[in-house]
There are 2 protein chains.
Amino acid sequence: MYLKKINTLFVMLSILATSLTIKAQEHPSLILTKTGVEKIRSNLGNAPLFDATLEKVKKVVDKEILAGIDTPIPKDFSGGYTHYRHKQNFIIAQKAGVLYQILEDEKYAIYVRDMLLQYEAMYKNLPIHPQERSYARGKLFWQCLNDSNWLVYMSQAYDTIYNFLSEEERTKLEDNLFRPFADYISLENPKFYNRVHNHSTWGNAAVGMIGLVMEDEELIQRALYGIEDDGLPIGGLDNDGGTIKVEGQKKGFFANLDDPFSPDGYYTEGPYYQRYAMYPFLIFALGMENVRPDLKVLQHKDNVLLKGVNALLNLSDAEGEFFPLNDGQKGMSYYTASLVTAVNIAYHYGNKNPQLLSISQKQNEVLLDESGLDVAIAIRDGKAKPFTKNSINLSDGINGKQGGVGILRYGNEDLTLVFKYAAQGLSHGHYDKLSYSLYEKGDEVLQDYGLSRFVNIGQKGGGNYLKENKTWAKTTIAHNTLSQNGEMHFNGQYQTASTKHSELYFFDASKADVQVVSATEVNAYPGTQMHRTMALIKDENFEKAFMLDIMKVKSSTKNDYDFPFYYMGQVINGNFKWDSPSHLVPLGENNGYQHLYLEGKGKPAANNAKFSWLGNGKFYTLTSVANEKDELLLTRLGANDPDFNLRRDAGFMIRRKDTDNTTFVSVIEPHGSYSPVSEASLNSNSHIKNLDIVNDDDDYTAVSITDVKGNKQLFILSNKNALASAKHSLLINNKEYQWTGPYYYK
Amino acid sequence: MYLKKINTLFVMLSILATSLTIKAQEHPSLILTKTGVEKIRSNLGNAPLFDATLEKVKKVVDKEILAGIDTPIPKDFSGGYTHYRHKQNFIIAQKAGVLYQILEDEKYAIYVRDMLLQYEAMYKNLPIHPQERSYARGKLFWQCLNDSNWLVYMSQAYDTIYNFLSEEERTKLEDNLFRPFADYISLENPKFYNRVHNHSTWGNAAVGMIGLVMEDEELIQRALYGIEDDGLPIGGLDNDGGTIKVEGQKKGFFANLDDPFSPDGYYTEGPYYQRYAMYPFLIFALGMENVRPDLKVLQHKDNVLLKGVNALLNLSDAEGEFFPLNDGQKGMSYYTASLVTAVNIAYHYGNKNPQLLSISQKQNEVLLDESGLDVAIAIRDGKAKPFTKNSINLSDGINGKQGGVGILRYGNEDLTLVFKYAAQGLSHGHYDKLSYSLYEKGDEVLQDYGLSRFVNIGQKGGGNYLKENKTWAKTTIAHNTLSQNGEMHFNGQYQTASTKHSELYFFDASKADVQVVSATEVNAYPGTQMHRTMALIKDENFEKAFMLDIMKVKSSTKNDYDFPFYYMGQVINGNFKWDSPSHLVPLGENNGYQHLYLEGKGKPAANNAKFSWLGNGKFYTLTSVANEKDELLLTRLGANDPDFNLRRDAGFMIRRKDTDNTTFVSVIEPHGSYSPVSEASLNSNSHIKNLDIVNDDDDYTAVSITDVKGNKQLFILSNKNALASAKHSLLINNKEYQWTGPYYYK
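Residues numbered from 1 in each chain as written. Chains lettered and ligands numbered in written order. Predicted model: local features only at pLDDT ≥ 70, side-chain atom pairs only at ≥ 80, totals over all residues. Heavy atoms only, no water.

Asks: Could you give me a rundown of the overall build of chain A, with the residues and numbers involved?
Replies: Within chain A, the regular secondary structure consists of 18 helices and 29 strands. Whereas a compact globule of 746 residues would reach a radius of gyration of roughly 27 Å, chain A reaches 28 Å, a difference of no more than 12%. Each of the three principal axes of chain A carries a C-alpha extent, and together these read 90 × 60 × 55 Å. Of the accessible surface of chain A, which amounts to about 27000 Å², a share of 50% is contributed by carbon and sulfur atoms. Averaging the positions of the 78 positive and the 89 negative side-chain charges in chain A gives two centres separated by 2 Å. (Helix = DSSP H or I, 4+ residues; strand = E, 2+ residues; numbered from the N terminus. Rg over C-alpha atoms; globule rule 2.2 N^0.38 Å. Areas by Shrake-Rupley, 256 points an atom, 1.4 Å probe, with all protein chains shown as cover. Lys, Arg positive; Asp, Glu negative; His and termini not counted. Charge placed at Lys NZ, Arg CZ, Asp CG, Glu CD.)

Asks: Describe in detail the interface of chain B and chain A, supporting the description with residues and values.
Replies: The interface of chain B with chain A comprises 50 residues on the first partner and 50 residues on the second. Of the roughly 4100 Å² buried between chain B and chain A on both sides combined, carbon and sulfur atoms contribute 53%. Of all residues in chain B, B:Gln459, B:Phe644 and B:Glu679 bury the most surface against chain A, accounting for 18% of the area lost on that side. On the surface where chain B and chain A come into contact, there are two salt bridges. (Contact = heavy atoms within 4.5 Å. Buried area = accessible area lost by both parts, 1.4 Å probe. Salt bridge = Lys/Arg side-chain N within 4 Å of Asp/Glu carboxyl O.)

Asks: Tell me about the pattern of salt bridges, and name the residues and values.
Replies: Enumeration over the complete set of coordinates arrives at 85 salt bridges over all chains. Residue A:Glu444 pairs with A:Lys330 through a salt bridge whose shortest N-O separation is 2.7 Å. Placement of the pair is A:Glu444 in strand E7 (residues 443-446) and A:Lys330 in the loop between helix H13 (300-314) and helix H14 (337-349), with a sequence separation of 114 residues. On the basis of relative accessible area, A:Lys330 is assigned to the partly exposed category, the value being 23%. For B:Asp374, the salt bridge identified is with B:Lys352, shortest N-O distance 2.6 Å. You can see B:Asp374 sitting in helix H16 (residues 370-380) and its partner B:Lys352 sitting in the loop between helix H14 (337-349) and helix H15 (354-363), a full 22 residues away along the chain. (Buried < 20%, exposed > 50% of the residue type's maximum accessible area, 1.4 Å probe, protein only.)

Asks: Got a sec to walk through the packing of aromatic side chains? Specific residues and values, please.
Replies: Aromatic ring pairs are described here by two measures, namely the spacing of the ring centres and the angle between the planes. Residues and elements named next belong to chain A. Across all of its chains, the model carries 90 aromatic pairs over all chains by this definition. Their ring planes at 90° and their centres at 6.5 Å tell us that Tyr273 and Tyr276 sit as a pair that is edge-to-face. Within this pair, Tyr273 and its partner Tyr276 are both found in helix H12 (residues 271-291), separated by three residues, close to a single helical turn. For the pair shown, Tyr273 and Tyr276 are each scored as buried. (Phe/Tyr/Trp six-rings, centres within 6.5 Å; stacked < 30°, edge-to-face > 60°.)

Asks: How would you summarise the relation of the copies chain B and chain A if you had to cite specific residues and measurements?
Replies: Of the transformation placing chain B onto chain A, the axial shift is 0.0 Å and the rotation is 180°, giving an RMSD of 0.0 Å. The transformation just described matches what one would write down for a two-fold rotation axis. Scanning chain B for the C-alpha nearest the rotation axis identifies B:Leu584, at a separation of 2.4 Å. In this assembly, 100% of the residues forming the interface of chain B have copies in chain A that are likewise at the interface, indicating an isologous arrangement. (Least-squares fit on C-alpha atoms with pLDDT ≥ 70 in both.)

Asks: Explain the packing of H13(A) against H14(A) to me, and be specific about the residues and the numbers.
Replies: Residue and element names in this part refer to chain A. Interhelical geometry of H13 versus H14 gives an angle of 130° and a closest axis separation of 9 Å. In terms of orientation, H13 lies oblique with respect to H14. The crossing of H13 and H14 is left-handed. Here Leu306, Val309, Leu312 and Leu313 of H13 lie close against H14, whose contacting residues are Leu339, Ala342, Val343, Ile345, Ala346 and Tyr349. The residue makeup of the contact of H13 with H14, split by class, is 10 nonpolar, no polar and no charged. (Axes fitted to C-alpha atoms, helices over the stretch in contact; angles between N-to-C directions. Parallel < 35°, antiparallel > 145°, perpendicular 65-115°, else oblique. Left-handed = near helix turned anticlockwise from the far one by under 90°. Nonpolar A, V, L, I, M, F, W, Y, C, P; charged D, E, K, R; others polar.)

Asks: Explain the sheet that holds strand E25 (residues 700-707) of chain A residue by residue, including any values.
Replies: Residue and element names in this part refer to chain A. Ordered in space as E24-E25-E26-E29, the four strands form an open sheet in which the pairing is antiparallel. The sheet is open, and its two edges are formed by strand E24 (688-696) and strand E29 (743-745), each paired on a single side. The sheet shows a mean angle of 10° between the axes of neighbouring strands, direction not considered. Bridging between strand E26 (residues 712-718) and E29 involves three bridges; their strand directions are antiparallel. Paired with Leu717 across the strands is Tyr743, a residue of E29. (Pairing = 2+ DSSP bridges.)

Asks: Break down the sheet that holds strand E26 (residues 712-718) of chain B for me, with residues and values.
Replies: Residue and element names in this part refer to chain B. Strand order in the open sheet formed by four strands is E24-E25-E26-E29, and the pairing between neighbours is antiparallel. Edge positions in the open sheet fall to strand E24 (688-696) and strand E29 (743-745), since each of these has one partner strand only. Across the sheet, the axes of successive neighbouring strands diverge by a mean angle of 10°, strand direction being ignored. In terms of strand pairing, E24 meets strand E25 (residues 700-707) through seven bridges, oriented antiparallel.

Asks: Would you mind going over the side chain of B:Asp62 in detail, with residue names and values included?
Replies: Residue and element names in this part refer to chain B. Counting through the fold element by element, Asp62 comes out in helix H3 (residues 48-67). Polar side-chain contacts of Asp62 include one of 3.3 Å to the side chain of Lys107. Polar side-chain contacts of Asp62 include one of 2.7 Å to the side chain of Tyr108. Not counting the four nearest positions on each side in its chain, Asp62 is found in contact with Lys107 and Tyr108. (Polar contact = N/O pair within 3.5 Å; in protein donor to acceptor, adjacent residues only side chain to side chain.)

Asks: I'd like a rundown of the packing of helix H3 (residues 48-67) of chain A against helix H16 (residues 370-380) of chain A, residues and numbers included.
Replies: Any two packed helices are characterised by the angle at which their axes cross and by the distance between the axes. Residue and element names in this part refer to chain A. For the pair H3 and H16, the least separation of the axes is 7 Å and the interaxial angle reads 130°. Relative to H16, H3 is oriented oblique. On H16, the residues that touch Pro48, Leu49 and Phe50 of H3 are Gly372, Leu373, Ala376, Ile379 and Arg380. Tallied by class, residues from the contact of H3 with H16 come to six nonpolar, one polar and one charged.

Asks: Could you give me a rundown of the pairing of strand E28 (residues 735-740) of chain A, with the residues and numbers involved?
Replies: Residue and element names in this part refer to chain A. The pairing of strand E27 (residues 727-732) with E28 spans six bridges and is antiparallel. Paired with Lys727 across the strands is Thr740, a residue of E28. Between E27 and E28, which pair antiparallel and follow one another directly, the connecting turn spans two residues, one of which, Asn733, has a positive phi of 45°.

Asks: So, the environment of B:Thr520: which residues are in play, and what are the values?
Replies: All names here are of chain B. Counting through the fold element by element, Thr520 comes out in strand E10 (residues 514-521). In this structure the C-alpha to C-alpha distance between Thr520 and Lys552, which are 32 residues apart in sequence, comes to 9.3 Å. Not counting the four nearest positions on each side in its chain, Thr520 is found in contact with Leu434, Ser502, Glu503, Met530 and His531.

Asks: Which residues make up the pairing of strand E21 (residues 662-671) of chain B, and what are the values?
Replies: Residues and elements named next belong to chain B. Of all the 10 residues making up E21, 10 are buried; the element is thus mostly covered by neighbouring parts of the structure. Residues Thr662, Phe664, Ser666, Ile668 and Pro670 line one face of E21 and the alternating positions Thr663, Val665, Val667, Glu669 and His671 line the opposite face, and both faces are buried. Bridge count between strand E12 (residues 546-555) and E21: seven bridges; the pairing is antiparallel. The residue bridging Val553 from the neighbouring strand is Thr662, located in E21. Strand direction decides the pairing type here: strand E18 (residues 618-625) and E21, joined by six bridges, are antiparallel. Within E21, the position partnered with Phe619 by the bridge is His671.

Asks: Residues and numbers for a nonpolar patch on the surface, please.
Replies: Taken together, A:Tyr81, A:Tyr84 and B:Leu682 make up a surface patch of nonpolar side chains, about 290 Å² in accessible area. Examined against the element boundaries, B:Leu682 turns out to sit in strand E23 (residues 681-682). Take B:Leu682: its relative accessible area is 39%, and that puts it in the partly exposed class. (Patch = residues over 30% accessible without salt bridge, like charges linked within 9 Å, V, L, I, M, F, W, Y side chains within 5 Å.)

Asks: Summarise the confidence of the model for chain A; cite the residues concerned and give the values.
Replies: Residues and elements named next belong to chain A. Across chain A, pLDDT averages 95, with 97% of residues at or above 70. Low confidence marks residues 18-22, where pLDDT is under 50. Its contacts with residues over four positions away, or in another chain, come to zero contacts. The ipTM, which scores confidence in the relative placement of chains, is 0.92 for this predicted complex, and the corresponding pTM is 0.93. (pLDDT = per-residue confidence, 0-100.)

Asks: Residue-level account of helix H15 (residues 354-363) of chain A, with values.
Replies: Residues and elements named next belong to chain A. For H15, the full list of buried residues reads Leu356, Leu357, Ser358, Ile359, Ser360 and Gln363. Of the surrounding secondary structure, the elements contacted by the buried residues of H15 are H3, H13, H14 and H16. In this structure Asn353 caps H15, since a side-chain oxygen of it lies 2.9 Å from the backbone nitrogen of Gln355. Just past H15, the residue Asn364 takes up positive phi, approximately 60°.

Asks: Which residues make up helix H9 (residues 198-214) of chain A, and what values do they have?
Replies: With 17 residues, H9(A) should cover 24 Å at 1.5 Å per step; its first-to-last C-alpha distance of 24 Å lies within 8% of that length. Of all 17 residues in H9(A), 17 are buried; the element is thus mostly enclosed. (Expected span 1.5 Å × (residues − 1).)

Encoded structure:
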């Protein structure tokens, strides 16, 4: 209802707008604008980073022009030549168009024109792409997604040479190429186009952008609001197992902007996909801002797109690499091209945050448009400030009420905890409620495995998701969280998982030396409640900050719990003996266990299990409160992996059998360093003498940390009341502790 | 005989010298000299790198002075506190002495004096170190080696404050500390002192340096020529299995300089130990140059010490890390302190090679003596030039006739082959005749495993050699060379191995695009001859240079051959099918095989076995001529390794059973790249269509390389005559090839 009203209002407004602008639309107007180009031209030679980028782009494009245009008949998957060539074409055409505008050299316009005309000649009779794997096959590429990429870029290219083309050429291109192209990826593929999904975002943006250039109101409407009657049945699955049509789901660009973004700018699929979707989101919003500012797309949902840029930058480690939450390929970082776009637009259209400039400096390039010029001038003028990442809690869900991701940072990213208590994250989500990863600067201490895919490497399943993504990467046991009875959260059922989310208990980063995030999960294993509290603590008796982890489990039944730590590095030692099998056997048969070999098995030798490793020249020790019946397992990934798709990574696991209620309390303690150059081994031993649970009931869990010098610290968590104003008191060993708020630490 | 004559001559000369220098020796005179210090003082503030180093050193020393002197009763292994403290003491005392001389601030002299007096008080009654593991236990440390380190540094410290001390203090220190200390590590430990070994080098230098300061001719003699009658029996083993006394072996500093260094400056233990021994070699030689230049120690054996610095720098990868030949800990590099000494001395006392200055710039520090000042001034004056590493052949053995190490480099270290055809390398040698490692820039493509030891990490066997060093790291199967019948070269017998060496066939790096090294080994497996020829070839039809490897084997018996490739990275694919066992079982029971798991096993599907991997963002393909009966094995290190002392590294292995004569022909081809940021996968496929052996007899082996475009290249090796002037002709497929020299390539 509400939607329809908006829709009607919009149509009225747009008719009004159209009637007001009687004279023909200027070109370029989409990303580059006439005034923007003039400003750029007059500043050439005055903004070093802009000039350097221009020079670099010119070199690339000139080389391609020399090599000649090739628009081969499509046949390959990603990783193959025709895929690569068509992708390269749209990237270069967009750049060439920009060069034409800035440098006023017609050779660039001719190049774009000739390429577009070649596409026009080919597209008319082009069949659907011969590779049949995709649920929505494209024509130039094996999936509509890539065809949409093409149109997003080619719309820009077209806009830049619009005035260079004859009326006749434009008509030919629009009638035979652009309009049919837009119709194919939308009307003919509603299962691709009409979803809330990064695929559809690309599709919507593509249709909208060519609509803006062509002044085609129908396409613009279709972009913003989707196809009203798509005739699709409810349900249906895409290649990743995601649902195609959900009952009552809105569609179109606004829906894609509304639904997956939380009010904090967190994108529910996770940073890897946020980075991917960021480009169509921002570039179309920018096109709308330039051509149809009245619709306020860029400002939609309280500036959620600009907030999204900030969220995304905060979802990276000290080296700018995104945390590989859900399906994320490790190594992707804010150095990628779409983040250049994002950072430049966020600076120019946002509040000119000088910290963004330092990211641009690191990226060492800018957009060749007005926003990029703006950034380059500001950098030239010495306005850049370091981008400081602080602790941040990012809510998930359309209204920010479907859990979230809490990031605790100590010092200058000396220690970073990424705690995930989010919603499922659509089809790219993993079954990893209340899991976490830990970083020291840019190095992983405890890893999130990420995805199992070699993006664009043709030899590895065409560069697509590998079956190990489902059999390992998405599973619960692949993550640093609780597995129960060898099952996955929600039994690995996407339909169930996607309706549930964890709940924040509290997030408190107000004190630098004790930062806490706490959340609960009651749906992953029906009948079992998990309450995990994680803290970064810097204590004066410890060299570095450490992480305290309290996982309180209550269940109505007795279960076998597995509690893994995917440490990165080489074993130094443990305080318990382990048997080492001479033959390696998989740990289980399914749910990810079939991929783990058991490399060692032992029993705690004391009430604490200690385990140390060396990673990236730094020492780490896990200290965990142990029960005498616990099994301590050393695992190695790689079983049942005939194609070597998985890394041979290590794990340490606490197995606690036949238990209903229990609490796992652990400290991960970074300490010391080792240099192979000086061969100095500094501070290679844990500072912790003992870790004890001194109280654990429904109301309070209290943990005491005794260091090797005998100093004792106490952490008490109020399990039932997270109000900051609530007053608590607890008697431990005849001593009364009183405090206000959800936790006590001293 | 010869030795005795020299000895007699020397005594005469030294008496003459002594009688000429009637007036007392100046101090400092050992490393710093009176004139040197004056020059330094007058240049303070004028040589930035010197000033910066001085500032850094001052900071470190001032902090230690503030913390106070501690000389604890010795009890720990390396990795423990007392070890660390005494080591830190001598390092800081030496620096404090230098600061006293340069800054003329008495607090530094007082610090050194007080520390020495504390040692004097303790040493008188100090028993032998309580840790019993060493074959030659020290007093301050668990082995005489570390005690010798102490004396090498403390001699310098003593020299710098000599004039600050009273006559009485000097007498006390010399009588109760220095002289007994020198006697303990020499007269009382001839098994440590009287060898040709890096241990003895430290011992000799220690005794000699304190002798120079004390003007004690007896100690100087003992340093240079060892202990004449040590009373030791022939034989005996040290902790590493090295022989203590070899029949007819010379001893003392000159012997340690003569024997392990080849005329090219290659040190037979390998670069890791050369780096370690370099400090006592050079610092004592420098002391001799300053105090007794008449004995020309620094110039001994045609300047072999200065040549050694050049050899050592050339034994590093593009990032300055030393190739881990024999027992070498990976990561050790020319950034280590002893290389600062080495590079500064080599510059100052050598031919002022401006390329050495660029290494000093990278090290970002200099020695605080005249040589360091010289380097800093030259850098200030802009004299530094890039250190260019070219292909180099380094002979091994006292006369350069015991094999060697051939290093082929293409481009600016774009591809580096390290081919080892050397002697055994004393007790730190590995059983790896004709093995190699391959680097692309600073990244390992095919690795040499190095040692199995965590130097100075106490938790790992006290930081000492682990048993896996013997059971894995030293074994033949741990290296990229031929293993026969599951045995080690020389049956792993050090006594035999140390009397043998491989023979160079030829080394030709005269053409940049085709560089070849070839060597033979006939002793490792009696009855079997190996002739390995390795070439780096840059062909215009290939994107990057590749490595061609021809291993020709002839045997009087039928054998099972294993031919491994220890690739670094993740499997991309192969052109053959392999079975993947669900349970991992060790590949064998001994000789290193017990540490390898079999992860996959297949048969060649064609006459070439192809295997590709991705490492450090670059693709690599192995193409090897295969026999249909070959077994192709995928291995993983880590079996029978209960303490996780070994890395879980991968290997690919060709197994050829029941064969006498055979030739393994392989190409390792680096190609393309992958970026997780752009997600661009470039040139990910091998350029080679086929690799064929087109002739293989006693006279000639000919290999044809056909690329994917059909271009054919031919490499012919003359197996019997390596003369550069020899003329050859060979008929292949009715075509006659004629050439001059050991190989043909076109």
